[in-house]
Amino acid sequence: MELRLYNTLTRSKDTLRPLDPANVRMYVCGPTVYDHAHIGNARPVIVFDVLNRLLRRLYGEAHVKYVRNITDVDDKINARAAERGITIRDLTEETYRWFREDTAALNCLPPTVEPRATEHIAEMRTLIESLVASGHAYVAEEHVLFHVPSMPDYGRLSRRPLDEMVAGARVDVAPYKRDPMDFVLWKPSADGVPGWPSPCGIATPGRPGWHIECSAMSWRHLGETFDIHGGGIDLVFPHHENEIAQSRCAFHTGVMAQMWMHNGFLMLEGEKMSKSLGNFVTIRELLAEWPGEVLRLAMLSTHYRQPINWTRQGLGFAAKTLDKWYRVIGEAEAETGEGNPFEIEIADRLADDLNTPSAITHLHHLAEVAEHEETSSALRRRFKGAANLLGLLGDTETGWRARQKEAIALDEGVIAGLIADRIAARKAKNFKRADQIREELAAQGVVLMDNKDGTTSWEVSR
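Draft legend 1. Fine view of unusual backbone geometry. Look at the link from Phe237 to Pro238: it is a cis peptide, with omega at 5 degrees. Position of Pro238 relative to the elements: it lies in helix H7 (residues 236–251). Not every positive phi belongs to a glycine, and His252 is a case in point at roughly 60 degrees. The phi dihedral of Leu354 falls on the positive side, at around 50 degrees, and the residue is not glycine. Within the fold, Leu354 resides in the loop between helix H11 (341–350) and helix H12 (356–372).

Right, dumping it as structure tokens:
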């Protein structure tokens, strides 16, 4: 099977040809841990989890190394710790734990390695000193800056005109810069914020710039060059452009990563998500209302490179879809591997630039086949195995029902009381009241199961 992925570097779908098929390597920019992750942060986590699953299927789990970093030194972290009156370490430990819990609820596999920036200061110092020695960086007023004009093809990834790059980089005008585009590799630390011994003989303790962190961590865990680098479209410039500059100039290579992949923006109910608009939604807030699998399916229903409009309607549709699919599989175990033709069909669709909408459309078809064929027991196992490749249907129908109830915090005692009132109303032929109770429960996502003997059970649906 040939895996073709859209490469931002070439602006085309390219066939993945790993540098070493026995060691396929992918790096994805992770979160800055100072607060709860918002739903926009979930998109690259879910997208590259699907790619990780596909790579593991194609090359074998032992032959794929997926690195996603944690930024735990940053001005936002310093400011938030001061605001809350806690130590920076306490803040980053707490918010990192939240992130791990949230991504686990989204059914994302943990990366092979999840390095922290603060644990790679030595590698950053080494890179910085190498760049200074080769003339690609310089020391000025206790800062170390990368000299952009030293790299003739700087800007190859983003392909922006110089004036746009200057504007997009939000250039800090400083008299010690040789060129307005030059960016910080290392800066002095003020009192009360983290600091480490500085490189290049600088006496004042300091801390790294954001861009050098990812160059150092990818080098440490994946080598000077590797196969895939991913992240959100907002990182193309300046972050990824600057990563490329640092790594290529430090190691004298033609590329940092063979392929650069970027997921599109997320809108919330048709508007850009922001705290100022009051429509900022965290993953955790959504998990309080919906099972994580609902969020995952809703996210994958739009192709990763396209903008996604995140709506309650979309979440409701995803929940109803999962409700149906779990009803199809029941308590079946998944069948995986080359013996499952359903899984092969889904993998074929994902091999075309992670075409998750096509894969999901085909899952709808496979669900119908599994539900109605006489050999449904085997087909249901195959259907579940195929969905597993997308990180879906990892539970049983019983488990799904329980998670639905837990996610929306239903009071089963209250529901039982309303059902008893409805049964009494029907016996009294007060059908208006019986219908009112049904509608009241439906508004909470509770669907009653009636037969000739009355209400026999209930389940959650959206």
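That shown, we press on.
Draft legend 2. Region of interest: the pairing of strand S2 (residues 12–15). The pairing of strand S1 (residues 4–7) with S2 spans four bridges and is antiparallel. Within the sheet, the bridge partner assigned to Arg4 lies in S2 and is Thr15. What sits between the antiparallel neighbours S1 and S2 is a turn of four residues, in which Arg11 has the positive phi angle 60 degrees.

Draft legend 3. Geometry of the pattern of salt bridges. Summed over the entire model, instances satisfying the criterion amount to 29 salt bridges. Here Glu61 and Arg56 are joined by a salt bridge, their closest N and O atoms 3.2 Å apart. Glu61 gets classed as exposed once you look at its relative accessible area, which sits at 54%. With its nearest N and O atoms 3.1 Å apart, the salt bridge here joins Arg327 to Asp323. Within this pair, Arg327 and its partner Asp323 are both found in helix H10 (residues 312–329), separated by four residues, close to a single helical turn. Salt bridges sharing common partners tie together Asp72, Arg89, Glu93 and Arg116.

Draft legend 4. Here's a closer look at helix H3 (residues 88–105). For H3, which comprises 18 residues, the first-to-last C-alpha distance of 26 Å matches the rise-based estimate of 26 Å (1.5 Å per residue) to within 8%. Among the residues making up H3, those that are buried are Leu91, Thr92, Thr95, Tyr96, Trp98, Phe99, Asp102 and Thr103. Seen along its axis, H3 keeps its buried residues to an arc of 160 degrees; they face one direction. Contacts from the buried residues of H3 go to helix H1 (39–59), strand S4 (64–68), helix H2 (75–84) and helix H8 (283–287). Downstream of H3 by one or two residues, Asn107 has phi in the positive range, about 60 degrees.

Draft legend 5. Here's a closer look at the sheet that holds strand S9 (residues 226–232). Spatial strand order, S4-S3-S9-S10: four strands in an open sheet with parallel pairing. Because the sheet does not close on itself, it has two edges, and the strands there are S4 and strand S10 (257–263). For this sheet the average axis-to-axis angle between neighbouring strands, irrespective of direction, equals 20 degrees. Direction of pairing for strand S3 (residues 24–28) relative to S4: parallel, over a ladder of five bridges. What sits directly across from Val28, in S4, is Arg68. Packing of helix H6 (residues 210–222) onto the sheet brings it into contact with S3, S4 and S9, and relative to S3 it is tilted by some 160 degrees.

Draft legend 6. Broad picture of the nonpolar core. Membership of the largest hydrophobic core comes to 74 residues, with the highest contact counts inside it found for Leu51, Leu295, Trp310, Trp325 and Phe383. Excluding anything up to four places from it in sequence, Trp310 contacts Ile39, Leu266, Met267, Leu268, Glu269, Leu286, Leu295, Ala298, Met299 and Leu315. Grouped together as the second largest cluster of nonpolar side chains are 42 residues, Val73, Phe146, Phe183 and Phe226 included.

Draft legend 7. Region of interest: the side chain of His211. Along the chain, the position of His211 falls in helix H6. In contact with His211, not counting residues within four places along its chain, are Phe183, Pro238, His239, Asn242, Glu243 and Gln246.

Draft legend 8. Region of interest: the packing of aromatic side chains. Inspection of every chain in the model, using the stated rule, returns five aromatic pairs. Judged by centre distance (6.5 Å) and plane angle (50 degrees), the rings of Tyr27 and Phe226 are tilted. Here Tyr27 is found in strand S3, whereas its partner Phe226 is found in strand S9, with 199 residues between them in sequence. A centroid spacing of 5.0 Å and a plane angle of 10 degrees characterise the contact between Tyr326 and Trp400, whose relative ring orientation is stacked. A residue pair is termed long-range when its members are at least 10 positions apart, and Tyr326 in helix H10 and Trp400 in helix H14 (residues 397–407) qualify at 74 residues.

Draft legend 9. A look at the side chain of Ser247. Inspection of the secondary structure assignment puts Ser247 in helix H7. Apart from residues lying up to four places away in sequence, Ser247 is in contact with Ser215, His252, Thr253 and Met256.

Draft legend 10. Broad picture of the pairing of S4. Within S4, four of the five residues are buried, which leaves it mostly tucked inside the rest of the structure. Handedness of the crossover is the feature at issue here: the chain leaves S3, passes through H1, returns alongside S4, and the resulting connection is right-handed.

Draft legend 11. Just the environment of Ala334, in detail. In this fold, Ala334 is placed in the loop between H10 and H11. Looking at Ala334, the relative accessible area reads 32%, which means it is partly exposed. Put simply, Ala334 and Glu141 are 193 residues apart on the chain and 61 Å apart in space, counted from C-alpha to C-alpha. Once residues lying within four places of it in the same chain are set aside, the contact partners of Ala334 are Arg381, Lys384, Gly385 and Asn388.

Draft legend 12. Looking closely at the sheet that holds strand S6 (residues 143–146). Spatially, four strands are ordered S5-S6-S7-S8 in an open sheet, and the strand pairing comes out antiparallel. Each edge of the open sheet carries a strand with a single partner, namely strand S5 (137–140) and strand S8 (206–208). Looking at each pair of strands side by side, their axes are set apart by 20 degrees on average, direction ignored. Relative to S6, S5 runs antiparallel, the two being bridged by four bridges. Bridge pairing in S6 links Ala137 to Phe146.

Criteria and thresholds
- Residues numbered from 1 in each chain as written.
- Predicted model: local features only at pLDDT ≥ 70, side-chain atom pairs only at ≥ 80, totals over all residues.
- Heavy atoms only, no water.
- Helix = DSSP H or I, 4+ residues; strand = E, 2+ residues; numbered from the N terminus.
- Pairing = 2+ DSSP bridges.
- Salt bridge = Lys/Arg side-chain N within 4 Å of Asp/Glu carboxyl O.
- Buried < 20%, exposed > 50% of the residue type's maximum accessible area, 1.4 Å probe, protein only.
- Expected span 1.5 Å × (residues − 1).
- Arc of directions from axis to C-beta.
- Contact = heavy atoms within 4.5 Å.
- Axes fitted to C-alpha atoms, helices over the stretch in contact; angles between N-to-C directions.
- Core = buried A, V, L, I, M, F, W, Y, C linked by side-chain atoms within 4.5 Å.
- Phe/Tyr/Trp six-rings, centres within 6.5 Å; stacked < 30°, edge-to-face > 60°.
- Right-handed = clockwise from strand over helix to strand, strands pointing away.

The values are spatial; any link to function lies outside them.
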